[in-house]
Amino acid sequence: MKILVAGASGVLGRALIGRLRHAGHDVWGMAYHARSLKVLDMLGAHPVQCNAMDRAAVFASFEHIRPDGVIDQLTSLPASPFELPARLPADRILRLEGGGNLFEAAQVFQVGRYVQQSCGFYLDGGGALATEISPLRTGAPGTIGESARMYTALEQRVLSSSMLNGVALRYGFFYGPGTWYWPDGAFSDHVRQGEVALLGGGCSTLSFIHVDDAAQATVAALTAPCGIYNIVDNQPMTMHEWLPAYAQWVGAPAPRRIGADDAARLMGKKAFIIRTA
């Protein structure tokens, strides 16, 4: 199959290229910055410079490539997770509007399979572990609710199309080389500097996925039945288990603990919710 990966210069996009080529696919990598094209070429993809926000450019790229499948991995994420709240508005615009251009072009040029990146860490499991039928927390306050509503819109868009075979992948937190959650990643730097605290009882449950495993699952999604899939590893962990172990792994001191009331008072309820969700 001829596969177009949008957002191919991201950490998952780069991992995807090798997996797709190994599976025998002809891979085209779309990126916005010219400096990313050389990397995509070195990885074995056909590099395509295109601004997803430019509808005409997107349509011209599709007309030239005529892909059999599209993997939408568009993101606009910062170097550090601490900068995420400020970047989220731009990220939402790119995913909704830029991804909308991709989706519309995919329908016009009769793409057979469309794989949409979604999110597995805003799910509401109702007090238990979330499953594929668990809803996203669209009613949550602040950026969590805003992001959950965005991902819900993305999922509904791809799954409601009568012209495409759509799949939405709800990834967990990425770890592995090039991610925030790796010894040389940004989150590890914050932990070593004592900037990450364990808030309240640390009862939130986290699900991670190694970026290479995420790439392998994404390749499998090209031939999977249409629907929503949670792409996470099989070891969900509570924050009070995970954060101290992570700090030890990256050579950082044990994280300090802040009570729920103190955290809400010091950082505000909105920040407290964001950091413990």
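Residues numbered from 1 in each chain as written. Predicted model: local features only at pLDDT ≥ 70, side-chain atom pairs only at ≥ 80, totals over all residues. Heavy atoms only, no water.

1. Structural notes on the overall build of the protein
Heads up, the rule is: The way it works is that DSSP assigns letters per residue, a run of H or I at least four long becomes a helix, a run of E at least two long becomes a strand, and they are numbered from the N terminus. Radius of gyration here uses only the C-alpha atoms, and the compact-globule reference equals 2.2 Å multiplied by the residue count raised to the power 0.38. Buried means the residue's accessible area, taken with a 1.4 Å probe over protein chains only, is under 20% of the maximum for its type, while exposed means over 50%, and partly exposed covers the values in between. Here, residues are in contact when the closest pair of their heavy atoms is within 4.5 Å. For this count, His and the chain ends are skipped, Lys and Arg are scored as positive, and Asp and Glu as negative. Charge placement uses NZ in Lys and CZ in Arg. For Asp and Glu, CG and CD serve respectively.
A tally of helices and strands in the protein yields 10 helices and 13 strands. Relative to a compact globule of 277 residues, whose C-alpha radius of gyration would be 19 Å, the protein shows 19 Å and is just as compact. Based on the C-alpha atoms only, the size of the protein along its principal axes is roughly 55 × 35 × 30 Å. In the protein, which comprises 277 residues, the proportion classed as buried is 49%. Within the protein, residue pairs in contact and separated by at least 24 positions form 72% of the contacts whose partners lie at least 6 positions apart. Charge-centre separation for the protein: the mean point of 23 positive side chains lies 3 Å from the mean point of 23 negative side chains.

2. What about unusual backbone geometry?
Of note in the backbone geometry, Arg66 takes a positive phi value of approximately 55° without being a glycine. You can call Arg66 partly exposed: its relative accessible area is 46%. Of note in the backbone geometry, Gln110 takes a positive phi value of approximately 55° without being a glycine. Summarising the element assignment, Gln110 is placed in the loop between α4 (84-108) and β5 (113-119).

3. A few points about the packing of aromatic side chains
Counted only if it meets this: Side-chain rings of Phe, Tyr and Trp, where Trp is taken by its six-membered ring, are said to pair if the distance between their centres is within 6.5 Å; with planes under 30 degrees apart they count as stacked, over 60 as edge-to-face, and otherwise as tilted. Think of it as a cone above the ring: NZ of Lys or CZ of Arg counts as a charge over the ring if it is within 6 Å of the ring centre and within 35 degrees of the ring normal.
Per the stated rule, a full pass over the model turns up 20 aromatic pairs. Aromatic pair Trp180 and Tyr181: ring centres 6.4 Å apart, planes at 70°, arrangement edge-to-face. Taking NZ or CZ as reference, Arg55 lies 4.3 Å from the ring centre of Phe59, over its face.

4. Observations concerning the sheet that holds strand β6 (residues 165-171)
To be explicit about the condition: The pairing criterion is simple: DSSP has to find at least two bridges between the two strands. Throughout, an axis means a line fitted to C-alpha atoms (over the contacting stretch in the case of helices), and angles, computed between N-to-C directions, take values from 0 to 180 degrees.
In spatial order, the strands read β3-β2-β1-β4-β5-β6-β11; together these 7 strands make up an open sheet with parallel pairing. Pairing within the sheet leaves two strands with one partner each, and these edge strands are β3 (46-49) and β11 (227-231). Strand-to-strand twist of the sheet, defined as the mean angle between neighbouring strand axes without regard to direction, takes the value 20°. Of the pairings in the sheet, the one linking strand β2 (residues 26-31) to β3 comprises 4 bridges and is parallel in character. The residue of β3 that forms the bridge with Trp28 is His46.

5. Things to note about the confidence of the model for the protein
Basically, it comes down to this: Scored from 0 to 100, pLDDT reflects the predictor's confidence in each residue.
Residues with a pLDDT of 70 or more make up 94% of the protein, whose mean pLDDT is 92. With pLDDT under 50 throughout, residues 270-277 is counted as low confidence; its partners more than four residues away or in other chains account for 19 contacts.

6. Describing the pairing of β5
Convention followed: Look down the strands so they point away from you; if going from the first strand over the helix to the second traces a clockwise path, that crossover is right-handed.
Within β5, 7 of the 7 residues are buried, which leaves the element mostly enclosed by the surrounding structure. Burial along β5 is two-sided: Arg113, Val115, Gln117 and Cys119 and Tyr114, Gln116 and Ser118, pointing in opposite directions, are all buried. The sheet contact formed by strand β4 (residues 69-72) and β5 spans 4 bridges and is parallel. By the bridge assignment for β5, Ile71 is matched with Val115. One crossover worth recording links β4 to the parallel β5 by way of α4, and it is right-handed. Sheet topology places β5 next to β6; 7 bridges connect them, and they run parallel. Bridging across to β6, Val115 finds its partner in Val167. After leaving β5, the chain enters helix α5 (residues 142-159) and then returns to the sheet as β6, a path that is right-handed.

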